[in-house]
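Each chain is listed here by its residues.
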Amino acid sequence: MSDIGDWFRSIPAITRYWFAATVAVPLVGKLGLISPAYFFLWPEAFLYRFQVWRPITATFYFPVGPGTGFLYLVNLYFLYQYSTRLETAFDGRPADYLFMLLFNWICIVLLMIPLIMSVLYVWAQLNRDMIVSFWFGTRFKACYLPWVILGFNYIIGGSVINELIGNLVGHLYFFLMFRYPMDLGGRNFLSTPQFLYRWLPSRRGGVSGFGVPPASMRRAADQNGGGGRHNWGQGFRLGDQ
């Protein structure tokens, strides 16, 4: 048990709580302690009974059953792998990572699988040129991974709506936060609220692998013919520790 405890404590904080809730809430529904209708009928309870926690619990719920158990485990694996890697890439700035999750969560309308896919999409874009491995030894650039998973989930689950929504929302965040202000020279439409920094203070001075470079660095890059593109980061290989 100590090995499991050490592994669990090694997960970055936000991903750790998200992972634990995504295991605990479906388990409560599976054991019959709470009816699945409790999670599906949250809009009425939220709007008319002022049960403000219901959208949050609905986000963590997945109807685990004979036909959905494998799909649930696959998405749980994706949550652990890519949320851990992306939170680590934020390099000691948990407020920025939490803001990304909140932005995606609101855009997605509080669904579990699209939120996981949006995180995976952002990770894939920040590591787009890295070669990753998938099932049966297939290898391709990380930028294609969200779409490969979309096709994979279609085969095992029969639907791509959740995955497509997650990819689109992940692209919206990535474009507004990184690509538009950095590659296209536009304004910053997204910024982490200060109250999140007060709640989750930064432990280090920057975000690893991405962020808006200082003006002096941009001028130097232009003089050297850099073309205005930015290095998005080193990334991780699938399966690396």
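From a predicted model like this one, the values you see are computed outputs, not experimental measurements.

Q: Would you take a moment to explain the pattern of salt bridges for this structure?
A: Pairs can form between side chains of opposite charge whenever their charged atoms are close. Within this structure, the stated rule accounts for 3 salt bridges. The closest approach of N and O atoms between Arg9 and Asp6, which form a salt bridge, is 2.7 Å. Of this pair, Arg9 and Asp6 both sit in helix α1 (residues 2-10), separated by 3 residues, roughly a single helical turn. The exposure class of Asp6 is partly exposed, given its relative accessible area of 44%. In this structure, the salt-bridge partner of Asp129 is Lys141, at a minimum N-O distance of 3.9 Å. Remark: Lys141 occurs in strand β2 (residues 139-141) and Asp129 occurs in the loop between α8 (112-126) and β1 (131-133); sequence separation between them is 12 residues. In this structure Asp129 comes out as exposed when scored by relative accessible area, which is 56%.

Q: Would you mind showing me how to read the packing of α8 against helix α10 (residues 161-183) here?
A: Between α8 and α10, the shortest axis-to-axis distance is 7 Å and the interhelical angle comes to 45°. Relative to α10, the element α8 is oriented oblique. The crossing of α8 and α10 is right-handed. Of α10, the residues touching α8 (which contributes Ile113, Pro114, Met117, Ser118, Tyr121, Val122, Gln125 and Leu126) are Asn162, Glu163, Ile165, Gly166, Asn167, Gly170, His171, Tyr173, Phe174 and Phe178. Classifying every residue of the contact of α8 with α10 by side-chain character gives 10 nonpolar, 7 polar and 1 charged.

The rules behind each value
- Residues numbered from 1 in each chain as written.
- Predicted model: local features only at pLDDT ≥ 70, side-chain atom pairs only at ≥ 80, totals over all residues.
- Heavy atoms only, no water.
- Salt bridge = Lys/Arg side-chain N within 4 Å of Asp/Glu carboxyl O.
- Helix = DSSP H or I, 4+ residues; strand = E, 2+ residues; numbered from the N terminus.
- Buried < 20%, exposed > 50% of the residue type's maximum accessible area, 1.4 Å probe, protein only.
- Axes fitted to C-alpha atoms, helices over the stretch in contact; angles between N-to-C directions.
- Parallel < 35°, antiparallel > 145°, perpendicular 65-115°, else oblique.
- Left-handed = near helix turned anticlockwise from the far one by under 90°.
- Contact = heavy atoms within 4.5 Å.
- Nonpolar A, V, L, I, M, F, W, Y, C, P; charged D, E, K, R; others polar.

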